[in-house]
Amino acid sequence: MYTWNRYKVKYSNELTAYKLLSIPLLIWGIFFVFALFRAFSISLTDWNLLKEASFIGATNYKDILMDSETLNIIKNTVIWTLFIAIGHNIIGLCMAYMLNDIPKGEKVFRALLYWPVLVSLIVGAEMIKYIFNPSPFGFMNSILIKLGLEPLAWYQDPKIALMSLIVFPMITGFGIKMLIYQAGLKGIPKTIYEAAKLDGATPWQQFTKISFPLLKPVVILNFVMSTIEGFRVLAPMQLVTNGGPIKSTETVVLSIYKHGFVKNNMGYASALAFVLFGIILMITIVQLRLQGEDISYE
Amino acid sequence: MNNKIRVRHIIFYIFLSVYSFIQIFPFYLKVVNSLQSKDFVPVLGQFYLWPEKINFGNYAVAWKTANLGRGYLNSLIYVTLYTAISAIIIVIVGYVIAKKKFKGRKFVFIVLISTMMVPGEILFIPNYLFLRDINWLNTFAALIVPGLVNTFGIFLAKQFFMTIPDSILESAHIDGASELRIIRNIIFPLSGPVIATYFIITYTNMWNEYIWPKIVLTQSKLYPVQLSLHTFEPTFKTQYDEILKSAGMIVTLIPVIIVFLIFQKKFVEGISLTGNK
């Protein structure tokens, strides 16, 4: 009798769990699992919305590998990612360290430094258009004219277009990294610093010999996050330059968007999206490898 | 030694002030620009730290031309609905995964979390096609339903429920309370903090969303406020269009800034807890 009851309780428990999960899992199944399979099957066809899709195997993937355009979009995406990842992490860590160190005003400075992250991508793109405006009335051009220099064409000049898009997001968008570094730094036990102080360690030594090594897992996590975000960049390119001039700011996701929703090349766009997925998967695997050797405080 | 610390703090304050200034200044110039008068003509190489003639009327004109009222209402409806419904889902899923012992619990969690690794761009095309097939393009449902199972939120909720002692739930079970009642009377009241964190972060993210609405909406009367800003991009732009655009931009920023200022602490907690936005 007792075991029967327990069985019933356990069984009903499992049933309610599945019942409660059923609707969320259904939604997730349709818009994630089913979508993922559909995307993959589309990527094996030459579908362009106009004619019937026909199976062409891995041709799209082969085309992507052979296309010289692929190298260009990956190069642009990697440049963007490197600048953003390095910039956000260095600035974020420095600001986090200073915020944790100062006796007063942490909250105010934190709010001022964090807030550009709240700005929508559309407004962010508008700010790039304003700061690096190619007209002589733009922000940077005004400075150049004040200094007696010639105004530049910024994002309309293929040579410096990509850099013009990178600078503003790089120096303003580090807020999330900063918060994570702050939490990481606060998680390091104070006793370690006190012991180091007794041994006569300077603040710089404390930072390089204690904070930074113990922060390594956080640094890796932040770098991987920035890299993944970086590879998925779309807004600045789409809204400011639309990939131009002469494709100097075309990136992977912009290319996916253009192939899919402008040229209606659904097959090619899906294949390109899977290539992006592969790249992101590789980055994540590298991260897991790096994080394998975990550091403890003892 | 004490003097050294003071010098270090002063240097840090200078750095933080300069850097904070960099974060604010370009936006400040946009605010100034949004207040310039209609016949304002900029002088070459000149910065305007204060409007020549303050003209708040620009905001009214911008509001009207871009139909920002409509955009605001659309954003408010769809962002609120999305955040509220997905909040219910993440609490229930987070609770079930954290507290229910059932076969496949670990599997469900790992599979759901691995969703985070797949770039959303892969799902654009199949989800667009699916919504087109069921005739959901140009509806709010197309904006709300696909992302309802928010894995970031589930992670947040699961972490939270792990900290709640089983004894609270067990006593309710012994009293014979039904599962739905437990969820309604115990789980939801308990999850106040996690819902607040989730709400604030998700609300601002969704408010700023533009690419998915751009894909599934073609009728401008359904546009969220972010897409309404496109109105200020006529083919031949005048100085006044620029001023109106500045005003429109500031208007879309206001709700997010207010939410952030009020709930700064929750923001910080949520982000440093999950390492995610």
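Residues numbered from 1 in each chain as written. Chains lettered and ligands numbered in written order. Predicted model: local features only at pLDDT ≥ 70, side-chain atom pairs only at ≥ 80, totals over all residues. Heavy atoms only, no water.

All names here are of chain B. The phi dihedral of Asn67 falls on the positive side, at around 50 degrees, and the residue is not glycine. Counting through the fold element by element, Asn67 comes out in the loop between α2 (57–65) and α3 (68–99). Here the phi dihedral of Asn135 falls at roughly 60 degrees; this positive angle occurs in a residue that is not glycine. In this structure, Asn135 sits in the loop between α5 (121–133) and α6 (140–144). For Asn135, a relative accessible area of 65% puts it in the exposed group. (Helix = DSSP H or I, 4+ residues; strand = E, 2+ residues; numbered from the N terminus. Buried < 20%, exposed > 50% of the residue type's maximum accessible area, 1.4 Å probe, protein only.)

Our focus in this paragraph is the packing of aromatic side chains. Enumeration over the complete set of coordinates arrives at 29 aromatic pairs over all chains. Between Trp204 of chain A and Phe207 of chain A, the ring centres sit 6.1 Å apart and the planes meet at 25 degrees, which makes this aromatic pair stacked. Of this pair, Trp204 of chain A and Phe207 of chain A are both found in helix α10 (residues 203–214), 3 residues apart, which corresponds to roughly one turn of the helix. The exposure class of Trp204 of chain A is exposed, given its relative accessible area of 61%. Consider the rings of Phe21 of chain B and Phe25 of chain B, whose centres lie 4.9 Å apart with planes at 25 degrees: the pair is stacked. Within this pair, Phe21 of chain B and its partner Phe25 of chain B are both found in helix α1 (residues 2–34), separated by 4 residues, close to a single helical turn. Residue classification places Phe21 of chain B among the exposed positions, given a relative accessible area of 51%. The structure contains a cluster of three or more aromatic residues connected by ring pairs, namely Tyr97, Trp204, Phe207 and Phe212 of chain A together with Phe12 of chain B. (Phe/Tyr/Trp six-rings, centres within 6.5 Å; stacked < 30°, edge-to-face > 60°.)

Once that is clear, we can look at the interface of chain A and chain B. Counting residues at the interface gives 88 residues for chain A and 80 residues for chain B. Summing both partners gives a buried area of about 8,200 Å² for chain A against chain B, and 77% of it is carried by carbon and sulfur. Sorting the residues of chain A by area buried against chain B places Phe31, Trp115 and Leu118 of chain A first, and these three jointly supply 9% of that buried surface. In this assembly, chain A and chain B are joined by 4 salt bridges. (Contact = heavy atoms within 4.5 Å. Buried area = accessible area lost by both parts, 1.4 Å probe. Salt bridge = Lys/Arg side-chain N within 4 Å of Asp/Glu carboxyl O.)

Turning next to helix α6 (residues 139–146) of chain A. Among all positions in α6 of chain A, only Phe139, Asn141, Ser142 and Leu144 of chain A are buried. On its buried face, α6 of chain A is in contact with α5 (121–131) of chain A together with α1 of chain B. Taken from the residues just after α6 of chain A, Gly148 of chain A is the one with a positive phi, measuring 80 degrees.

With that settled, consider helix α10 (residues 192–208) of chain B. Its 17 residues give α10 of chain B an end-to-end C-alpha distance of 24 Å, which sits within 8% of 24 Å, the value for a rise of 1.5 Å per residue. Along α10 of chain B, the positions that sit buried rather than exposed are Val194, Thr197, Tyr198, Ile200, Ile201, Thr202, Tyr203, Thr204, Met206, Trp207 and Asn208 of chain B. (Expected span 1.5 Å × (residues − 1).)

Our next topic: the side chain of Thr83 of chain B. Along the chain, the position of Thr83 of chain B falls in helix α3. What Thr83 of chain B contacts, discounting residues up to four positions off in sequence, is Tyr198, Phe199, Thr202 and Tyr203 of chain B.

Moving on to a nonpolar patch on the surface. Residues and elements named next belong to chain A. A surface patch of nonpolar side chains, about 560 Å² in accessible area, is lined by Val78, Leu82, Phe83, Ile86, Ile90, Met163 and Phe223. Per-element accounting of the nonpolar patch gives the leading share, 5 residues, to helix α3 (residues 68–101). Here Leu82 lies in helix α3. (Patch = residues over 30% accessible without salt bridge, like charges linked within 9 Å, V, L, I, M, F, W, Y side chains within 5 Å. Areas by Shrake-Rupley, 256 points an atom, 1.4 Å probe, with all protein chains shown as cover.)

Glancing now at the UniProt feature "domain: ABC transmembrane type-1" (unreviewed entry) in chain A. Here, UniProt's "domain: ABC transmembrane type-1" (unreviewed entry) annotation points to residues 74–287 of chain A. The span residues 74–287 of chain A is 73% helix and 0% strand, and its two end C-alpha atoms sit 20 Å from each other. (UniProt positions renumbered as here; feature names shortened; annotations may be inferred.)

Take the nonpolar core next. Counting 183 residues, the largest nonpolar core has Tyr114 and Met178 of chain A together with Ile122 of chain B as its most contacted members. At 15 residues, the largest contribution of residues to this core is made by α3 of chain B. (Core = buried A, V, L, I, M, F, W, Y, C linked by side-chain atoms within 4.5 Å.)

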